[in-house]
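Structural features, examined
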Amino acid sequence: MREQNDVITLPGAPEVSVQVRRSARARRLALKVSRLDGSVVLTLPKGASMRLAQGFVSERQDWLREALRGVEGPVAVELGAQIPFEGVLRRITAADLRHAQLDGEALLVPAARAAASVQAFMTLSARDRLAARVAVHTQALGRRAGKLTLRDTRSRWGSCTPSGDLMFSWRLVMTPPAILDYVAAHEVAHLAQMNHSPAFWAVVARLYPDYAEARSWLKTHGAALHRYRFDAT
């Protein structure tokens, strides 16, 4: 087992890197595995030694490898990589263009700034599609939405403020169109019911009858959409 620059590395196939973070608030050592990208973090109380940290990780390496089983690692958004768009994997391909554009199952991008171009394309596409579906659902509900904003959130796919402003994760454009449509309907339903009561779900069902299937898809596949890293290139 190696330790370098606050990283503990467990040898094996594959090696496992454990990021060590010191915390003045921590009262005990805590090991956490991200289900999003397989990253491993050991939180260490301020006064604890690295020797103690190494022993803690070594004693739990069997548990750690089991926890990592089946967890897919991060995907760098770069030329040659594949990324989902509207539920279909698209190959990121260099082209003589100023802005990214879709060409069948290829996502054509300027080679010098592939990641930034892909993210811009995803964000603009998400805004267009979400704005269109929000307009459909607000008309059906007879309500008006406020401002629509996009963010890259991990804790939620969308939200609605008491004033009617809607926020969505732009990564929804990676999902099949039906999933994006469900999230749009879900947040529009909050314009009528600012809760998750049976009355709220009745509104969702009115706007999007197959919502249970879409919710299930997000619970099963949603976390994997955060594997795609745009800051790696």
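Everything in this summary refers to the structure shown in the same document. All residue numbers here refer to positions counted from 1 along the written sequence of the relevant chain. Owing to the predicted nature of the model, reporting of local features is limited to residues with pLDDT of at least 70; listing and counting of side-chain atom pairs is limited to 80 or more, with chain, interface and lining totals taken over all residues. Side-chain measures were taken over the full set of non-hydrogen atoms in the model, leaving aside hydrogen atoms and water.

1. Here we look at the pairing of strand E3 (residues 16-23)
The cut-off we apply is this: Here a strand pair is declared whenever DSSP counts at least two bridges between the two strands. Helix and strand assignments come from DSSP, with helices taken as H or I runs of at least 4 residues and strands as E runs of at least 2, each series counted from the N terminus.
In terms of strand pairing, strand E2 (residues 7-10) meets E3 through four bridges, oriented antiparallel. Residue pairing across strands places Leu10 opposite Val16, the latter belonging to E3. Between E2 and E3, which pair antiparallel one after the other, the connecting turn spans five residues, and Gly12 there sits at a positive phi close to 145°. Bridge count between E3 and strand E5 (residues 40-45): six bridges; the pairing is parallel. Bridging from a neighbouring strand, Val20 pairs with Leu42 of E5.

2. With respect to the packing of helix H4 (residues 177-189) against helix H6 (residues 211-221)
Cut-off, in case you're wondering: Axes here mean lines fitted to C-alpha atoms, for a helix over just the part in contact, with angles spanning 0 to 180 degrees between N-to-C directions. Should an angle fall under 35 degrees it is called roughly parallel, over 145 degrees roughly antiparallel, and 65 to 115 degrees roughly perpendicular, with every other angle called oblique. Whether two residues are in contact is decided by their heavy atoms: any pair within 4.5 Å suffices.
For the pair H4 and H6, interaxial distance at closest approach is 9 Å and the crossing angle is 110°. In terms of axis orientation, H4 runs roughly perpendicular to H6. Two secondary-structure elements touch here, H4 through Ile179, Tyr182 and Val183 and H6 through Tyr211, Ala214, Arg215, Trp217 and Leu218.

3. What to know about the packing of aromatic side chains
Put simply, the rule is: Classification of ring pairs rests on two measures: the distance between centres of Phe, Tyr or Trp rings, Trp counted by its six-membered ring, which must be within 6.5 Å, and the angle between planes, read as stacked under 30 degrees, edge-to-face over 60 and tilted in between. Think of it in three bands: with a 1.4 Å probe and only protein chains considered, a residue is buried below 20% of the maximum accessible area for its type, exposed above 50%, and partly exposed in between. Working rule: Lys NZ or Arg CZ, within 6 Å of ring centre, within 35 degrees of ring normal, means a charge sits over the ring.
By the definition in use, this model includes five aromatic pairs. On the basis of an interplanar angle of 75° and a centroid distance of 4.9 Å, the ring pair of Phe200 and Trp201 is categorised as edge-to-face. For Phe200, a relative accessible area of 0% corresponds to the buried category. Here Trp201 falls in the buried class, since its relative accessible area comes to 16%. Grouping aromatic residues by their ring pairs yields a cluster made of Phe200, Trp201 and Tyr211. For the cation-ring pair, Arg60 lies above Phe56, with the distance from its terminal atom to the ring centre recorded as 3.6 Å.

4. Describing the sheet that holds strand E12 (residues 158-160)
Here we have three strands laid out as an open sheet, ordered E11-E13-E12, and mixed in their pairing. A single partner strand is all that each edge strand has here, and the edge strands are strand E11 (148-151) and E12. Between one strand and the next, the sheet's axes are offset by a mean angle of 15°, whatever the strand orientation. Here E12 pairs with strand E13 (residues 166-169) via three bridges, running antiparallel. Bridge pairing links Cys160 to Leu166 in E13. Its contacts with the sheet place helix H3 (residues 114-141) against E11 and E13, and it is angled at close to 145° to E11.

5. Here we look at the nonpolar core
In plain terms, the rule: Side-chain atoms within 4.5 Å are what join buried Ala, Val, Leu, Ile, Met, Phe, Trp, Tyr and Cys residues into a set we call a nonpolar core.
The biggest cluster of nonpolar side chains holds 48 residues, and the ones touching the most others in it are Ile83, Val118, Leu130 and Phe168. Sorting the residues of this core by element identifies strand E7 (82-85), strand E10 (106-109), H3, E11, E13, H4, helix H5 (198-207) and H6 as the ones contributing at least two each. Per-element accounting of this core gives the leading share, nine residues, to H3. Dropping the residues within four chain positions of it, Ile83 is found in contact with Val77, Val88, Leu89, Arg90, Ile92, Leu107, Val118, Met122, Met174, Tyr228 and Phe230. If you look at the next biggest cluster of nonpolar residues, it comprises 19 residues, including Ile8, Val16, Leu42 and Ala53.

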